[in-house]
Amino acid sequence: MKNDLNITDEGALLVKMSRHKSNYDGTICAKPHVHDCGTSEFFRNNYCRKGIPGCGEKDLFHPENPMLVKVIKDDVPNPFEQQIGLLKEGKSPIIFFFSKGRNAYQYYLIGAYTVKSIETLNLGHKKEIHIIPKDVIRLPMDVLENDFLWNGSWGELGWCRYVYRNKVASSLEIMLETLRTLNSREYESDSLEHVLEALTDTAAAAVETAEPALIDLKTGVETAATITKKQVGEAAVPEDFQLVVPEQKAAFDQVVDRVIAISEQHGYYYDRNLVAAVHNSLLVNPFLILSGISGGGKTSFVQFYAMGLGSELEIISVRPDWTSPSHLLGVYNPFEGDFVPTVATEFILRANDEYQRAREEQREPKPYLLLLDEMNLARAEHYFSDFLSKMQLVDEKKRVIRLYDEHKGDHPRLLHIPPNLKIVGTVNIDETTFLFSPKVLDRASYFSLNEINIEGMGRVIANRSKELRYTELMQKLVIPELRDLNSKLSEFGQPFGYRTAWEIIKWIDTGLSVGVINSVYEGLDIQVENKILVKLSDYRTGAMFQALATYFKDRANPYDPDSLIFEKSLHRIENLIARAEREEFAIGQQ
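**Side note on the pairing of strand β6 (residues 107-122)**
Argument step 1. The sheet contact formed by strand β5 (residues 94-100) and β6 spans seven bridges and is antiparallel. Residue pairing in the sheet places Phe97 in a bridge with Gly111 of β6.
Argument step 2. With 11 bridges connecting them, β6 and strand β7 (residues 126-138) associate as antiparallel partners. Looking at β7, one finds that Ser117 is bridged to Ile132.

This is the structure we're talking about:
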């Protein structure tokens, strides 16, 4: 089937849509004042609470004129900018839609668009985005869980995420298989087959132009071993072609295993697929961004990776007042008549010296890893602009940054960016930081460390048993409670990190040793209140506080059934709930 649009797997989005509490026909929710369906507050006040039908979700998937309208404030980045740019190039991107399930914290994939056009309406302090679709694929509610696509996407807006390109076709295939299983006339699969056919043609064209494939975050490097002839083209792969090169795989696995072992020795546990995916990304792209929750082990991960790789490492803390490349690289001092380099510049010069020596000695150069910690405390486009334009150029001779133009000065004027230099930026996404522009994201590999493996910390404790007196108690009593609590907090996007978990464990262990606490659960309750609850905030409905209150009430002390494990924590949460009801917001510190 020939398509009049060039459907692309670039710029795919995963967008949250509102859902009805118990049905899909546009009638009114049973409790619109409490149900978090995702609809705007304006729609709730002027439609739901007045008993006026017109569920936005039903309108979204109207068979004749479906349209997506999203209100975006001026201080919120427009996630559709890349899609608008693709449309200008004659390409048609894809938008997937997910929605909340009937049970709390369940999410389902409910449909997709191929985009025909996008219109932006400026309404003063906000913008409305109107999406005009070409192909419309609709799935029934509560049929296809969204985890497989959610884990193949990233983003910090909450209602919108960016989908990895290598997840687009596979997600559409899962949707198609779901529709075929349903065998319902109401949900036709012709449009979806049409989109997949167009995407297949695009993928084949990409192979012909030697476009590199992206690595799957969940499966890591082993994705390469499952490539079929259909995906790369019949003529491209001989019958006896071996996709996996044993020698390369052995060297690759050795680095990954070392990184994991070193991490566990220092109290951290990272999923092997994540380590493999990050390592593979740095082999093909010298610039990587590592995002995640505070205390989730981002900076530590880079340190462990450098140790496992045998790399030189320099950590540079980005400051909020960085506004130009001179803050990262250095500045010319006219009084001394010479250039004053920074630590980063000197580190890059050493990396280049090592690269030149390795070429002369005909050996592999030692890798050098530059870590920009808290990279988005300042705008990367300002202080990192020289690297964005130079570091990924194919011609090594052009990967040069001019440090100063003055004729006087003993310091080298040119800074060569050698192939053995890798740059990793760690970022936290909160109200104190800047979001990255598409220019930065387009040049970087991007990974998120938003989840920690508390269960895996049991192995970590065993490796660090010399630091603890009560290792067995920590493994049997503390780890399960931290795991379950973190799972509950993750449902609201508020998990805690490795740093917090390890500090709680050490505090309890020391507290028992010196008699500050009389039991493990007493210490756990104190630490949960003082290190976890104090960081929580909820500016909407207080649903998180209600869920935590229920959770704490259900955690009876197994050694004293008449008491709770989290008595102090429950009291703190109940105070927050009371304040949330009075003021419609609550902050843990208050």
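**Focus: empty space enclosed by the protein**
Argument step 1. Under the criterion given, the structure shown has two cavities of 30 Å³ or more.
Argument step 2. As a volume, the second largest cavity reaches approximately 30 Å³.
Argument step 3. If you go around the second largest cavity, the residues you meet are Val278, Leu282, Leu288, Phe301, Val302, Tyr305 and Val424.
Argument step 4. For the lining of the second largest cavity, the secondary structure elements donating two or more residues are α9 (272-284) and α10 (298-309).
Argument step 5. Ranked by residues supplied to the lining of the second largest cavity, first place goes to α10 with three residues.
Argument step 6. By residue class, the composition of the lining of the second largest cavity is seven nonpolar, no polar and no charged.

**Brief notes about a nonpolar patch on the surface**
Argument step 1. Judged by side-chain polarity, Trp507, Val514 and Val516 come together as a nonpolar surface patch covering roughly 280 Å² of accessible area.
Argument step 2. You can see Val514 is positioned in helix α18 (residues 498-514).

**A look at the sheet that holds strand β2 (residues 13-16)**
What holds strands together in a sheet is hydrogen bonding between their backbones, with the strands either parallel or antiparallel.
Argument step 1. Pairing within the open sheet is mixed, and its seven strands lie in the order β3-β7-β6-β5-β2-β9-β8. With partners counted over all chains shown, the strands left at the sheet margins are β3 (68-73) and β8 (153-154), one partner each.
Argument step 2. Contacts from helix α3 (residues 81-88) reach β2, β5 and β6 within the one sheet, and its direction differs from that of β6 by about 70°.
Argument step 3. Lying over the sheet, helix α5 (residues 165-182) contacts β5, β6, β7 and β9 (160-163), oriented at roughly 60° with respect to β5.

**Points about the pairing of strand β21 (residues 560-564)**
Two faces belong to every sheet, and in a regular strand the side chains alternate between them.
Argument step 1. Of the pairings in the sheet, the one linking strand β20 (residues 556-557) to β21 comprises two bridges and is antiparallel in character. When the bridges of β21 are listed, Asn557 appears paired with Asp560.
Argument step 2. The antiparallel pairing of β20 with β21 creates a hairpin that spans two residues between the two strands.

**Observations concerning the packing of helix α17 (residues 471-490) against helix α20 (residues 543-553)**
A pair of packed helices can be characterised by two numbers: the angle between their axes and the separation between those axes.
Argument step 1. The interhelical angle for the contact between α17 and α20, taken along N-to-C directions, is 155°, at an axis separation of 10 Å. The orientation of α17 with respect to α20, classified from their angle, is roughly antiparallel. Our pair here, α17 against α20, has a crossing hand that is right-handed. Across the interface between the two elements, Glu481, Asp484, Leu485, Lys488 and Leu489 from α17 touch Ala547, Leu548, Tyr551 and Phe552 from α20.
Argument step 2. Split by residue class, the contact of α17 with α20 holds six nonpolar, no polar and three charged.

**Topic: the layout of surface pockets**
Argument step 1. Of the volumes computed, that of the second largest pocket is approximately 350 Å³.
Argument step 2. As for the second largest pocket, its lining consists of His279, Leu282, Leu283, Tyr305, Leu309, Glu364, Pro365, Lys366, Pro367, Pro419, Asn420 and Lys422.
Argument step 3. Elements with a contribution of two residues or more to the lining of the second largest pocket: α9 and α10.
Argument step 4. The dominant element in the lining of the second largest pocket, judged by the number of residues it contributes, is α9, at three residues.
Argument step 5. Residue composition of the lining of the second largest pocket, grouped by class: seven nonpolar, two polar and three charged.

Conventions and cut-offs
Residues numbered from 1 in each chain as written. Predicted model: local features only at pLDDT ≥ 70, side-chain atom pairs only at ≥ 80, totals over all residues. Heavy atoms only, no water. Pairing = 2+ DSSP bridges. Helix = DSSP H or I, 4+ residues; strand = E, 2+ residues; numbered from the N terminus. 1 Å grid on protein atoms, 1.4 Å probe; cavity = no way out; pocket = protein on both sides within 12 Å on 5 of 7 lines; lining within 4 Å. Points joined across faces, edges and corners; volume = space filled by probe spheres on them. Nonpolar A, V, L, I, M, F, W, Y, C, P; charged D, E, K, R; others polar. Patch = residues over 30% accessible without salt bridge, like charges linked within 9 Å, V, L, I, M, F, W, Y side chains within 5 Å. Areas by Shrake-Rupley, 256 points an atom, 1.4 Å probe, with all protein chains shown as cover. Salt bridge = Lys/Arg side-chain N within 4 Å of Asp/Glu carboxyl O. Contact = heavy atoms within 4.5 Å. Axes fitted to C-alpha atoms, helices over the stretch in contact; angles between N-to-C directions. Parallel < 35°, antiparallel > 145°, perpendicular 65-115°, else oblique. Left-handed = near helix turned anticlockwise from the far one by under 90°.

Shape descriptors only; they carry no functional weight alone.
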